[in-house]
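A closer look at the structure
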Amino acid sequence: MWLPGWISVVCALLLTWRGLLLWQGSRPPPRALLLVITLALAVGVRIEFGHFFGKDPGVALLALLLGLKLLETQAARDIRAGVLLCLFLQLAIFFEDQSLPVAALALCGTLLALGALIALVDPAARLGAQLRGAASLLAQGLPFMLALFLLFPRIQGPLWGLPADAFSARTGLSDTMTPGSISALGTSPAIAFRVRFEGTPPAQNQRYWRGPVLTAYDGRTWRARPARESDTPFYTPSGARIDYALTLEPHNQRWLLALDYPGEAQPKARYSHDFLALSPRPVQTRTRFTLSAYPSTPTGLAEDAATLAAATRLPPGSNPRSAALAAELAAGTRSHAETLARVIAHLRATPLRYTLQPPLLGSHPADDFLFETQSGFCEHFASAFVVLMRAAGVPARVVTGYQGGEINPVDGYLVVRQSDAHAWAEVWLAGRGWVRVDPTALAAPERIDDGMASALAADSALPLLLRADMRWLRDLRHQWEAVSNAWNQHVLGYNPERQRELLERLGLSGRGIAALVALLAAAVLAIFLALFAWATWRRRPRDPLQKAWARFCRKLGRAGLARARWEGPADYGNRIAAALPDQAQALREICATYARLRYGPPCAASALRALNKRIDGIRLQ
Amino acid sequence: MPMAGTAALRAAADRWLFRVTGPEAAPIRLVQRRIFVLPTGAGIGFACVLLVMLIASINYNLSLGHALVFLLAGSAAASMLHAFRNLFGLAIRPGRCAPVFCGDTVNFQVLVANPHARRRPALRLSALGQSVTFEAAAGDETAVGLPCPSMRRGWLTMGRSVIETRWPLGLIQAWSVFVPDVRCLVFPAPEPDPPALPTGGDGAREARARKGEGDDDFAGLRAHRTADSPRHVAWKVLARGGPMLTKQYAGAEGRELVLDWDALDPGLDTESRLSRLCAWVLQAEARGLRYALALPGMRSPCATGSAHRDRCLERLALFAHAGDAA
């Protein structure tokens, strides 16, 4: 799945070859042939990746080696080596995916690996017994695992420079935008980040998660300009404050997608001149940030001239009809605010349609959108609006990011997906600074208020899970995502900081590694002692025949006919038969059967069952 | 010198750690202080692999990688107790051990009782450089035979023995050292192609007997004595419901064969003499003759039968082994 196609095919072929050999019971191929194949495959890997060092070529080599190793497997040693290679490969899967299903798969793989080791040592046992043995080992390994997982002193990786390919191929926002170049918006349900609010979550139409700000425009494509950074925001946070924790999926970019406008951040973030919160390094692992937002903070009151100039620049000659329209709308206005109001009023009056499958646009995308196709999604709206504003002389820019998100009713987390990606606009007004305007809301206010599903006509082809009528499916997904989130937060997100928090909760803060090691040693010792008690606990073999006889004697004992210690089965039988004449025959037969089974040849299971049945048949008032 | 060093170390370990002294009284119970646990070579390899996996997990911040490594390490640690438990509570008693001729294979037998309700798989018994793999069924006693080549006549003791197991994963080895009271008598190897039985000083009498009645002619029946060879029992009579009788042969009757050490060729060394005497004892017994064995300093009565044969062979086996005779 994560390997180049040809390597998967070769692995499958090697496994099939091995299976055929097993099936036909023939001898493994000669060493020389295997050596040639190995060299050829190594050269193939080299050509594919260009080098041997790093995660991907390593995993590919490992998979191929395992296939080859299995081919020459004969001795117990080879099998052990194969099992160890399998465990390595298991670890390699975690590079790509650490979700719950993969964890379950890994558990099954580990069970089989231990089962294989047991089968090597004890080939006489049945397969079921071998697997049971493996399961009991795993079950007893679990407490050790828990103790080690929680208390083993965690070190934040990497220990050395990671190979360049460690975090390739992540999806997410990009820092360019070309409206009209794609005819269908990806509606990927992949999760971008999760948020837990301290208090009441802000309303859906207030949840703007800020991503790259696109200012430079060449007539078709919007690009981000390099922005200055600082350790403190370029504004003074004021007004109402929203506290939240944001768990960001790795996207290999620096932006944190904070709610407008970020104040404090933990761990420390940097702030860009266009009001983004940035991580010092690209986010390559799922990371949790504690953030606060001040939505009503005035920003950019004293914006510098260069930024404003860049925010009014349009390539000459592009989108002439839009420019003409803007000039017409701006004529006679006394302020930028008035121009803005007119543009908004005009757009509202234009029959623009929100769709995820807009027609492609020509060389003047804003013109085509506003006057010809009149249908598009957020990129088209934002782009056309900013073009209009700039043409009217008002500084404006496109802001990308995510909008909205869905609260999971199961665990209360707000989940923001890739399909919530959005683009809106910012306009600079003297005295008010940068003001957010969402042109999409003009044509399709439901998109902003209720999410994408309600903004589209009912017959649009939406992914199954985004559709409103698939209620139960959504509920199921909520449940599943809550579980995954708990898994991410508590298991995958367990790191040195969480470990420190755990120590603090145990009242051992500030003692560091020594406390951890001492706790770990105590826990491991306790588990060992418990297991030792289990190992030395002696279970006497319960003889089923003896059990049946004891049951019979107890039953009669309750009727006042307990067996004396010195009484043999025959004597006892005679005595109770005399005491209970109506069942004399049955009682005597039971005693005789017991004596025969006890002192005769080893008793068969069927005879024992028959005896038990007869004992059950005895009725004593 | 290193060889001597390890040998000395081993002897010290036997003395102080395993407390190996003489043969131990049966049954030898494997209690916890007798059972020792250490990783095997495969176990050390496994630990190295886990270490590499742990470093990879730290480097790439793989939480599940940590979990996998810890789970495997925990299972390996638990397997230590499984290995211990696989030996714990076993009781070892010496078994029967039939005498053999030197050069044949001794089959040392010990009885391993498993009083617990689970089978003990993959056990290995080793002594004298030999080993055998077996398993002990639940709540049962298993007879384990350890085949050992015999090198010299006399008593061969099983001595320092080790019972070990690598179950369940082969990563951990649990073992216990014990000295069962098992020994096997090794007779001298019979000379492969011995000269004819001696006639010696009593030759004249024997010759007369031989002339008159011929060899092995049936001469009659007499009451059975315990020492009589089963070969000479009149089974047909017994089968008809008659008493247990022994067939007598005329050829055997008059013969008083003395197998005398001193009458042997003086050029032979001790072991060759013993081999020849051994072969003669077997031959004389096979032919149903009455014979006596004369060794320096002792002389057995003249008799026949398997018990007599075994006594003679034992004398030969222990000849000049004063220390072993006890």
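Residues numbered from 1 in each chain as written. Chains lettered and ligands numbered in written order. Predicted model: local features only at pLDDT ≥ 70, side-chain atom pairs only at ≥ 80, totals over all residues.

1. Overview of the overall build of chain B
Across its full length, chain B carries 8 helices and 17 strands. Counting across all 326 residues of chain B, residues that qualify as buried make up 36%. (Helix = DSSP H or I, 4+ residues; strand = E, 2+ residues; numbered from the N terminus. Buried ≥ 20, exposed ≤ 12 C-beta atoms within 10 Å, placed from the backbone.)

2. Structural notes on helix α20 (residues 584-599) of chain A
Residue and element names in this part refer to chain A. With 16 residues, α20 extends 23 Å between its outermost C-alpha atoms, agreeing within 8% with the 22 Å of an ideal straight helix rising 1.5 Å per residue. Within α20 the residues assigned to the buried category are L587, I590, C591, T593, Y594 and L597. Each buried residue of α20 lies within a common arc of 160° when the element is viewed along its axis, so the set occupies one face. More than 90 degrees from the buried face of α20, the exposed residues found are Q585 and Y599. On its buried face, α20 is in contact with α18 (544-558), α19 (569-579) and α21 (605-617). (Expected span 1.5 Å × (residues − 1). Arc of directions from axis to C-beta. Contact = placed C-beta atoms within 7 Å.)

3. Describing helix α8 (residues 320-330) of chain A
Residues and elements named next belong to chain A. Listed as buried for α8 are S322, A323, L325, A326, L329 and A330. Along the axis of α8, the buried residues cluster in a sector spanning 160°; they form a single face. Exposed side chains of α8 directed beyond 90 degrees from the buried face belong to P320, A324, A327 and E328. Taken together, the buried residues of α8 touch α9 (336-349), α10 (365-373) and α11 (378-391). Where α8 ends, the next residue or the one after it, G332, has phi of about 85°, a positive value.

4. Some remarks on the sheet that holds strand β16 (residues 291-295) of chain B
All names here are of chain B. Ordered by their spatial adjacency, 3 strands build an open sheet running β15-β16-β17, and the pairing between neighbours is mixed. Each edge of the open sheet carries a strand with a single partner, namely β15 (257-260) and β17 (298-299). Where β16 meets β17, 2 bridges bridge the pair, whose relative direction is antiparallel. When the bridges of β17 are listed, A294 appears paired with R299. Sitting on the sheet, helix α7 (residues 270-286) is in contact with β15 and β16, with an inclination near 165° to β15. (Pairing = 2+ DSSP bridges. Axes fitted to C-alpha atoms, helices over the stretch in contact; angles between N-to-C directions.)

5. Observations regarding the nonpolar core
Looking at soluble globular proteins, one finds that nonpolar side chains tend to be buried together. Residue and element names in this part refer to chain B. The biggest cluster of nonpolar side chains holds 110 residues, and the ones touching the most others in it are L277, V281 and L316. In terms of residue count, the dominant contributor to this core is helix α3 (residues 63-87) (16 residues). Sequence-distant contacts of V281, defined by excluding residues within four places in its chain, comprise L259, L293, R309, C312 and L313. (Core = buried A, V, L, I, M, F, W, Y, C linked by C-beta atoms within 7 Å.)

6. Thoughts on the interface of chain A and chain B
Tallying the contact residues gives 50 residues for chain A and 46 residues for chain B. Sorting the residues of the side of chain A that touches chain B by element identifies α4 (76-96), α5 (100-121), α6 (127-151), α15 (471-492) and α17 (513-536) of chain A as the ones contributing at least two each. The element best represented in the side of chain A that touches chain B is α6(A), accounting for 10 residues. Counted by class, the side of chain A that touches chain B contains 35 nonpolar, 9 polar and 6 charged residues. (Nonpolar A, V, L, I, M, F, W, Y, C, P; charged D, E, K, R; others polar.)

7. Examining the confidence of the model for chain B
Predicted coordinates in regions of low pLDDT should not be interpreted in detail. All names here are of chain B. Mean pLDDT over chain B stands at 82; residues scoring 70 or higher make up 88%. When mean pLDDT is compared element by element in chain B, α3 scores highest at 93, while helix α4 (residues 203-213) scores lowest at 41. Considering only residues more than four positions removed or in separate chains, one finds that residues 200-215, a stretch of pLDDT under 50, has 16 contacts. When the criterion is pLDDT under 50, residues 322-326 qualifies, and its contacts beyond four places in sequence or with other chains add up to 4 contacts. (pLDDT = per-residue confidence, 0-100.)

8. Topic: the pairing of strand β3 (residues 208-217) of chain A
Residues and elements named next belong to chain A. The buried count for β3 comes to 9 of 10 residues, which makes it a mostly enclosed element. When β3 meets strand β13 (residues 396-403), the two strands line up antiparallel, connected through 5 bridges. Pairing of Y208 across the sheet is with Q403, part of β13. Hairpin connection, β3 to strand β4 (residues 222-224): the antiparallel pair is bridged by 4 residues, and G219 has positive phi, about 100°.

9. Concerning the packing of α8(A) against α10(A)
Packed helix pairs are characterised by how far apart their axes lie and by the angle those axes make with each other. Residue and element names in this part refer to chain A. It is the contact of α8 with α10, at a shortest axis distance of 7 Å, that shows an interaxial angle of 70°. With respect to α10, the axis of α8 lies roughly perpendicular. Contact residues: α8 offers P320, R321 and S322, while α10 offers A366, D367, L370 and F371. The residue makeup of the contact of α8 with α10, split by class, is 4 nonpolar, 1 polar and 2 charged. (Parallel < 35°, antiparallel > 145°, perpendicular 65-115°, else oblique.)

10. Remarks on unusual backbone geometry
Omega for the peptide link from Q266(A) to P267(A) comes to -5°, which places this bond in the cis form. On the secondary structure map, P267(A) appears in the loop between β7 (262-266) and β8 (270-272). For the bond from W167(B) to P168(B), the omega torsion is 5°, close enough to zero to count as cis. Positioned with a positive phi, N252(A) is a non-glycine residue whose angle comes to about 60°. One can find N252(A) in the loop between β6 (242-248) and β7.

11. A short note on the pairing of strand β16 (residues 421-429) of chain A
Residues and elements named next belong to chain A. Extensive coverage of β16 is indicated by the burial of 8 of its 9 residues. Pairing geometry for β13 and β16, over 7 bridges, is antiparallel. Within β16, the residue paired with A396 across the bridge is V427. Two elements, β16 and strand β17 (residues 433-437), share 5 bridges in a ladder whose sense is antiparallel. Within the sheet, the bridge partner assigned to L429 lies in β17 and is G433. Counted along the chain from β16 to the antiparallel partner β17, the turn is 3 residues long, and its residue G431 has a positive phi close to 90°.

12. A closer look at the sheet that holds strand β10 (residues 287-293) of chain A
All names here are of chain A. Here we have 6 strands laid out as an open sheet, ordered β7-β10-β6-β2-β15-β14, and antiparallel in their pairing. Lying at the two open borders of the sheet, with one neighbouring strand each, are β7 and β14 (406-407). Here β6 runs beside β10; their pairing, made up of 7 bridges, is antiparallel. By the bridge assignment, D243 is partnered in β10 with S292.

13. So, the packing of α7(B) against helix α8 (residues 306-317) of chain B
All names here are of chain B. Here α7 crosses α8 at 175°, and the two axes come no closer than 10 Å. By the angle between their directions, the pair α7 and α8 is classed as roughly antiparallel. In this structure, α7 contributes L274, L277, C278, V281 and E285 to the contact, and α8 contributes R309, C312, L313 and L316.

14. Quick notes on the environment of E285(B)
Residue and element names in this part refer to chain B. Structurally, the position occupied by E285 is in helix α7. Residue classification places E285 among the buried positions, given that 20 C-beta atoms sit within 10 Å. Along the backbone, E285 and S229 are 56 residues apart, and their C-alpha atoms lie at a distance of 8.3 Å. Setting aside residues no more than four positions away along its own chain, E285 makes contact with S229, T304 and R309.

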